[in-house]
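The chain contents come next:
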Amino acid sequence: TPFLLYAARRRAPWRLALLPLLGGAGLGYAIGLVNRGQLKQIAFRLMLGRVVPAPAMAMLAAGFADKIAVRGVWSAARAQIASDRAAGRRLVLATASFRCYVDPIAADLGFDAVIATESTHALDGGVTALIDGDNCYGMAKLDRISAWMVDQGVARADATIAFYSDHVSDGPTLAWADRPYAVNPHPALRQLAAAQGWPVLDWTD
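Parameters at a glance
- Residues numbered from 1 in each chain as written.
- Predicted model: local features only at pLDDT ≥ 70, side-chain atom pairs only at ≥ 80, totals over all residues.
- Heavy atoms only, no water.
- Pairing = 2+ DSSP bridges.
- Helix = DSSP H or I, 4+ residues; strand = E, 2+ residues; numbered from the N terminus.
- Contact = heavy atoms within 4.5 Å.
- Axes fitted to C-alpha atoms, helices over the stretch in contact; angles between N-to-C directions.
- Patch = residues over 30% accessible without salt bridge, like charges linked within 9 Å, V, L, I, M, F, W, Y side chains within 5 Å.
- Areas by Shrake-Rupley, 256 points an atom, 1.4 Å probe, with all protein chains shown as cover.
- Salt bridge = Lys/Arg side-chain N within 4 Å of Asp/Glu carboxyl O.
- Phe/Tyr/Trp six-rings, centres within 6.5 Å; stacked < 30°, edge-to-face > 60°.
- Buried < 20%, exposed > 50% of the residue type's maximum accessible area, 1.4 Å probe, protein only.
- Lys NZ or Arg CZ within 6 Å of the ring centre and 35° of its normal.
- Right-handed = clockwise from strand over helix to strand, strands pointing away.

Engineer: Explain the sheet that holds strand β1 (residues 51-52) to me, please; I cannot follow it from the model alone.
Structural biologist: Either a parallel or an antiparallel arrangement is found when strands of a sheet pair, and the pairing is made through backbone hydrogen bonds. The strand order β1-β4-β3-β2 describes an open sheet built from four strands, whose pairing is mixed. Of all strands in the sheet, those bounded by a partner on one side alone are β1 and β2 (92-98). In this fold helix α6 (residues 99-109) packs onto β2, β3 (113-121) and β4 (127-132), with an angle of close to 145 degrees to the strand it touches most, β2.

Engineer: Looking at this structure, I do not really get a nonpolar patch on the surface. What am I missing?
Structural biologist: Together, Leu27, Ile31 and Leu33 line one region of the surface with nonpolar side chains, adding up to about 350 Å² of accessible area. Looking at the secondary structure, you find Leu27 in helix α2 (residues 19-30).

Engineer: What is the right way to look at the packing of aromatic side chains in this model?
Structural biologist: Note on aromatic pairs: each is described by the distance of the centres and the angle between the planes. In this structure the tally under the stated criterion is seven aromatic pairs. Ring centres 5.5 Å apart and planes at 55 degrees place the aromatic pair Tyr6 and Phe64 in the tilted group. Taken together, the residues Tyr6 in helix α1 (residues 2-11) and Phe64 in helix α4 (residues 54-71) connect sequence positions 58 residues apart. When sorted by exposure, Tyr6 lands in the same class as Phe64, which is buried. Seen from their ring centres, Tyr164 and Tyr181 are 4.8 Å apart, and the 15 degrees between their planes marks the pair as stacked. With Tyr164 in strand β5 (residues 162-165) and Tyr181 in strand β6 (residues 179-183), this pair connects stretches of sequence that are 17 residues apart. Relative accessible area serves as the criterion here: at 27%, Tyr164 is assigned to the partly exposed category. In this arrangement the basic side chain of Lys40 is found over the ring face of Phe98, its NZ or CZ atom lying 5.2 Å from the centre. Positioned above the aromatic ring of Trp176 is the side chain of Arg156, whose terminal nitrogen or guanidinium carbon lies 4.6 Å from the ring centre.

Engineer: Teacher, can you tell me more about the pairing of β5 here?
Structural biologist: Sheet faces and side chains relate simply in a regular strand, where the side chains alternate between the two faces. Side chains Phe163 and Ser165 project from β5 onto a buried face, and the interleaved Ala162 and Tyr164 project onto a face without burial. Strand direction decides the pairing type here: β5 and β6, joined by four bridges, are parallel. By the bridge assignment, Ser165 is partnered in β6 with Ala182.

Engineer: I tried to follow unusual backbone geometry on my own but got confused; where do I start?
Structural biologist: Trans is the prevailing form of peptide bonds, just as negative phi is the prevailing case for residues other than glycine. Here Asn184, not a glycine, exhibits a phi torsion of approximately 45 degrees, which is positive. Of note, Asn184 is situated in the loop between β6 and α9 (187-196).

Engineer: I tried to follow the pairing of β6 on my own but got confused; where do I start?
Structural biologist: Along β6, four of the five residues are buried, which leaves the element largely enclosed by surrounding structure. Of the crossover connections in this fold, the one passing from β5 over helix α8 (residues 171-176) to the parallel β6 is right-handed. Pairing analysis gives two bridges linking β6 to strand β7 (residues 200-201), with the strands arranged parallel. If you follow Ala182 over to β7, its bridge partner there is Val200. Handedness of the crossover joining β6 and β7 through α9 is recorded here as right-handed.

Take a look at the structure:
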């Protein structure tokens, strides 16, 4: 949502008048009429249109990454990333967000790879509002991580995995990781972490 609002303000500010429709879609999600992936596609379509040309999307993504770099990352998170990088660990950002705007953020933070929700593309390379494959969320995220490891030739038994999350939807991946961390967790994840004995980290500045 922050990216879509940022992009709409710069590409087509009149689309912000459609926010009540997005609110209606959110209500549909809340009562089970649409799933999370469908909601994301609706939000993209309302705020950015059916297709965004690739050069325009690249500019929007770069601008948003610059904004995140200034105010969107906890200093404790940057410190942990730097510590893991210095220790020679492989850094992977696994997120339900769209890859089209996550890649520049991950590059700025020094991640080695990104696992994200993929977009379909028009024939001219433009980014569409449709998701390609699964929304990288919940159990689908763990499936995507496992598939990525297979593709990279990394056997699960040979890897020691630390996983950080602030949301209970990542429960399957936290349970699967060797070192699960609930970071600035919302109440549902805090409760789950307490039940599972997972460490809870406070990264607020």
